[in-house]
Amino acid sequence: MKNILTTILAVLLTWSAVDAQEKNTNPNIVIIYVDDLGYGDLSCYGATEVQTPNVDKLAAGGMRFTDGHCSAATCTPSRFSLLTGRYAFRDKAAILPGDAPMLIKTDMPTLPGMLKEIGYATAVVGKWHLGLGDGDVDWNGKVSPGPLEIGFDYSYLIPATGDRVPCVLVENHHVVGLDKKDPIEVNYKNKVGNDPTGLDNYDLLRYGADREHSKTIVNGVSRIGYMSGGNAARWRDETVPYQMLEKARAFIDKNQDKPFFLYFAFHDIHVPRLPDHRFDGATDMGVRGDAIVQMDWVTGQLIDHLEELGIDDNTLIVFSSDNGPVLDDGYADQARERIGNHKPAGPFRGGKYSAYEAGTRVPTITYWPGTIQPGTSDALMNHIDLYASIAALLNHPLKEKEAVDSENHLEAFLGRNHDGREVMLEEAFSYGLRMGNYKYIHPSKASAKNWINFVKGIDSGIVDYPELYDLSKDKRERKNLASENKKQLKKMQAELERIFNSEKTR
Ligand code: NG6
Ligand code: CA
């Protein structure tokens, strides 16, 4: 009798497993989002001073885009657009302080929310920088709202950036490893507690820093903002990549039998650049180059893991970056001095913060063995379109107010055509607009101009006259055609105006 029952049970279990497999044929989706990685920072995009064999493997086996863009030249707006399919200007998304409230409202449709609705297990592991809490976040209690309130089932986060307090990791709703007897206090205006700051204790620092980055010292590096307490929970920058990798692997393991969405948001190669010592000297460029190699290694570990589980051919990987490159971003880490022959922005003008091409034109690769045929595409692509394109892949209709700026370019993302966008906004401290190979930059009086031009040493694209370039002849945006091609200029100005005044519906 017992044997018969066991057999029946075994048959039932097998049936339900087969049933589950049949239901779950949707591909896994992994977005690997590097921080501040420039167009020229990978060997598959022409770098010679650093080798990135793991990302190169994605490029060689997938589609490598030469005109792929994040939506903005800084982090918060790019991530906002990636997850919501909305241009950042609509919701005034700009670089956030580390104690900012959650930027994505909980009733706003999101990419993870859509995927969850379709039956995906969803996770974000890595840098968040989209705000947490509703205005007075309680780091010692429940940190909410956050990713779990906008469609993620699991989150493991650097709350803002590596250079901003609080320097603790947040898993789901709680700070990891917090000793309640040593509560965290965060203040972006006034000093709290007795921790040394960079301003007063220069001798304790591993790197010199600008004034903004000279507040509370954590792990030998002064940060933006003050914090006290939470000593047991404070991160060690060198270990964070391994912790992220472990959490990502665990999420994949747990959900390998059903479709999952993993948004893996690297902290590398943002400042402070503190790669683990095993990568010391991996390049001749110092920590910025070594952080690229670390990022490449972690990417390789993720790919290996998918292969080991035998799910790589049912997984779409999108690899890209949240904005263009920067060398000196607040710390004296020798990135500028040791750059040598390396060209972080490749052939393009500008970099992070800039309205010129290098602000948003970043490495962009899609990889899906067996489905995407290897190749290179010059289609005009933008991360903001992943939302509508993934919806199309899954035959999921979008609602009227969902992802209003996201266009379906699935065929181009999969390399089946090279059509891409006809018109594209590039958001920075000023605005750029692409129309085919024409590039327009809108006049601006943004006050960030001197800071970007002279402190960061990056051409900001903040100019008080209109600029027009023909990228087919002038990749580096050198010859301003605004006065000789008035017709094109007017057309693009009118289009920009139309975008700014457009309704927030599809
Ligand atoms: C800037 C920081 C910079 C970096 C950036 C955000 C100063 C002077 N500079 O305000 O170091 O943290 O914000 O970078 O504060 S991003 O990649 O997250 O957009
Ligand atoms: Ca960034």
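Quick caveat, the model's predicted, so the values are computed rather than measured. (Residues numbered from 1 in each chain as written. Chains lettered and ligands numbered in written order. Predicted model: local features only at pLDDT ≥ 70, side-chain atom pairs only at ≥ 80, totals over all residues. Heavy atoms only, no water.)

Description of the UniProt feature "domain: Sulfatase N-terminal" (unreviewed entry) in the protein chain
Piece 1. Per the UniProt record, "domain: Sulfatase N-terminal" (unreviewed entry) is annotated on residues 27–395.
Piece 2. Split by type, residues 27–395 is 20% helix and 16% strand. Its first and last C-alpha atoms lie 13 Å apart. (UniProt positions renumbered as here; feature names shortened; annotations may be inferred. Helix = DSSP H or I, 4+ residues; strand = E, 2+ residues; numbered from the N terminus.)

What to know about the sheet that holds strand 6 (residues 170–171)
Piece 1. If you trace the ten strands from one edge of the open sheet to the other, you get 7-6-5-4-12-1-13-14-2-15, paired in mixed fashion. Where the open sheet ends on each side, the last strands, each with one partner, are strand 7 (174–175) and strand 15 (375–377).
Piece 2. Of the strand pairs in this sheet, strand 2 (residues 63–65) and strand 15 are connected by three bridges, and their pairing is parallel. When the bridges of strand 15 are listed, Phe65 appears paired with Ser377.
Piece 3. Sitting on the sheet, helix 5 (residues 240–254) touches strand 4 (121–127), strand 5 (154–158), strand 6 and strand 12 (260–265), and the angle it makes with strand 12 is about 175°. (Pairing = 2+ DSSP bridges. Contact = heavy atoms within 4.5 Å. Axes fitted to C-alpha atoms, helices over the stretch in contact; angles between N-to-C directions.)

Remarks on the coordination of the calcium ion (ligand 2)
Piece 1. With distances of 2.2 to 2.7 Å, the protein atoms coordinating the calcium ion (ligand 2) are Asp35 (OD), Asp36 (OD), Asp322 (OD), Asp322 (OD) and Asn323 (OD1).
Piece 2. Mapped onto the polypeptide sequence, the residues donating to the calcium ion (ligand 2) form the spacing pattern D-D-x285-D-N.
Piece 3. Owing to a relative accessible area of 0%, Asp35 belongs among the buried residues under this scheme. (Donors = N, O, S within 2.8 Å, 3.2 Å for Na, K, Ca; no water. Buried < 20%, exposed > 50% of the residue type's maximum accessible area, 1.4 Å probe, protein only.)

A look at the packing of helix 4 (residues 111–118) against helix 7 (residues 386–393)
When two helices pack together, you describe them by how their axes are tilted relative to each other and by the distance separating the axes.
Piece 1. Between helix 4 and helix 7, the least distance of the axes is 10 Å, while the angle of their chain directions is 10°. As summarised for this structure, helix 4 and helix 7 are arranged roughly parallel, according to the angle between their axes. For helix 4 against helix 7, the interelement crossing comes out left-handed. Of the residues in helix 7, those touching helix 4 at Leu111, Met114 and Leu115 are Tyr387, Ile390 and Ala391.
Piece 2. Of the residues assigned to the contact of helix 4 with helix 7, the class counts are six nonpolar, no polar and no charged. (Parallel < 35°, antiparallel > 145°, perpendicular 65-115°, else oblique. Left-handed = near helix turned anticlockwise from the far one by under 90°. Nonpolar A, V, L, I, M, F, W, Y, C, P; charged D, E, K, R; others polar.)

Some remarks on the site of ligand 1
Piece 1. Taken together, 21 residues lie around ligand 1, and Cys75, Asp163, Arg164, His213 and Lys352 are the ones closest in.
Piece 2. One of the side-chain nitrogen or oxygen atoms of Arg164 is found 2.8 Å away from an oxygen atom of ligand 1.
Piece 3. The fraction of the free accessible surface of ligand 1 (450 Å²) that becomes covered by protein chains is 93%.
Piece 4. For the shell around ligand 1, the residue count by class is five nonpolar, six polar and ten charged. (Near = heavy atom within 4 Å. Polar contact = N/O pair within 3.5 Å; in protein donor to acceptor, adjacent residues only side chain to side chain. Areas by Shrake-Rupley, 256 points an atom, 1.4 Å probe, with all protein chains shown as cover.)

Quick notes on the domain arrangement of the protein chain
Accessible area lost during the coming together of the parts is what is often quoted as the interface size.
Piece 1. Its domain assignment divides the protein chain into domain 1 (30–184 + 229–420), domain 2 (189–228) and domain 3 (425–501).
Piece 2. Counting residues at the interface gives 25 residues for domain 1 and 18 residues for domain 2.
Piece 3. Contact between domain 1 and domain 2 buries roughly 1,700 Å² in total, counting both sides, with carbon and sulfur atoms accounting for 56%.
Piece 4. Considering only the surface of domain 1 that becomes buried against domain 2, Val165, Arg234 and Tyr331 emerge as the three largest contributors, covering 34% of it.
Piece 5. Counting across the interface, domain 1 meets domain 2 through three salt bridges.
Piece 6. The partner of Asp195 in a salt bridge is Arg234, and the shortest N-O contact between them spans 3.2 Å.
Piece 7. Put simply, domain 1 and domain 2 have 14 residue pairs in polar contact (both at pLDDT 80 or more) between them.
Piece 8. For the side of domain 1 that touches domain 2, the class distribution of residues is twelve nonpolar, four polar and nine charged. (Domains from an automatic or database assignment. Buried area = accessible area lost by both parts, 1.4 Å probe. Salt bridge = Lys/Arg side-chain N within 4 Å of Asp/Glu carboxyl O.)

Thoughts on the packing of aromatic side chains
Piece 1. Scanning the model with the defined rule gives 18 aromatic pairs in all.
Piece 2. Seen in terms of ring centroids, Tyr242 and Trp297 are 5.9 Å apart; in terms of plane orientation they differ by 70°. Their pairing is edge-to-face. Placement of Tyr242 in helix 5 and of Trp297 in helix 6 (residues 287–308) is noted, with a sequence separation of 55 residues between them.
Piece 3. Tyr242 gets classed as partly exposed once you look at its relative accessible area, which sits at 25%.
Piece 4. On the basis of relative accessible area, Trp297 is assigned to the partly exposed category, the value being 22%.
Piece 5. Aromatic pair Tyr353 and Trp451: ring centres 5.0 Å apart, planes at 65°, arrangement edge-to-face. (Phe/Tyr/Trp six-rings, centres within 6.5 Å; stacked < 30°, edge-to-face > 60°.)

With respect to the environment of Pro363
Piece 1. Along the chain, Pro363 turns up in the loop between strand 13 (315–321) and strand 14 (364–367).
Piece 2. Along the chain, Pro363 and Asp328 lie 35 residues apart, while their C-alpha atoms are 20 Å from each other.
Piece 3. Excluding residues within four positions of it along the chain, Pro363 makes contact with Leu37, Gly38, Tyr39, Leu42, Tyr45, Phe319, Ser320 and Ser321.

Some points on the state of the cysteines
Piece 1. Following the criterion strictly, the structure yields zero disulfides and no others.
Piece 2. In this structure Cys70 is a free cysteine whose sulfur lies 10.0 Å from that of Cys75, the closest cysteine sulfur available. (Disulfide = S-S within 2.5 Å.)

A closer look at the nonpolar core
Piece 1. In this structure, Ile31, Trp128, Leu262, Tyr263 and Phe319 are the most contacted members of the largest nonpolar core, which totals 115 residues.
Piece 2. Ranked by residues supplied to this core, first place goes to helix 6 with eight residues.
Piece 3. If sequence neighbours within four positions are ignored, Phe319 has contacts with Ile32, Val34, Leu37, Leu42, Val55, Leu58, Met295, Thr299, Pro363, Thr364 and Ile365. (Core = buried A, V, L, I, M, F, W, Y, C linked by side-chain atoms within 4.5 Å.)

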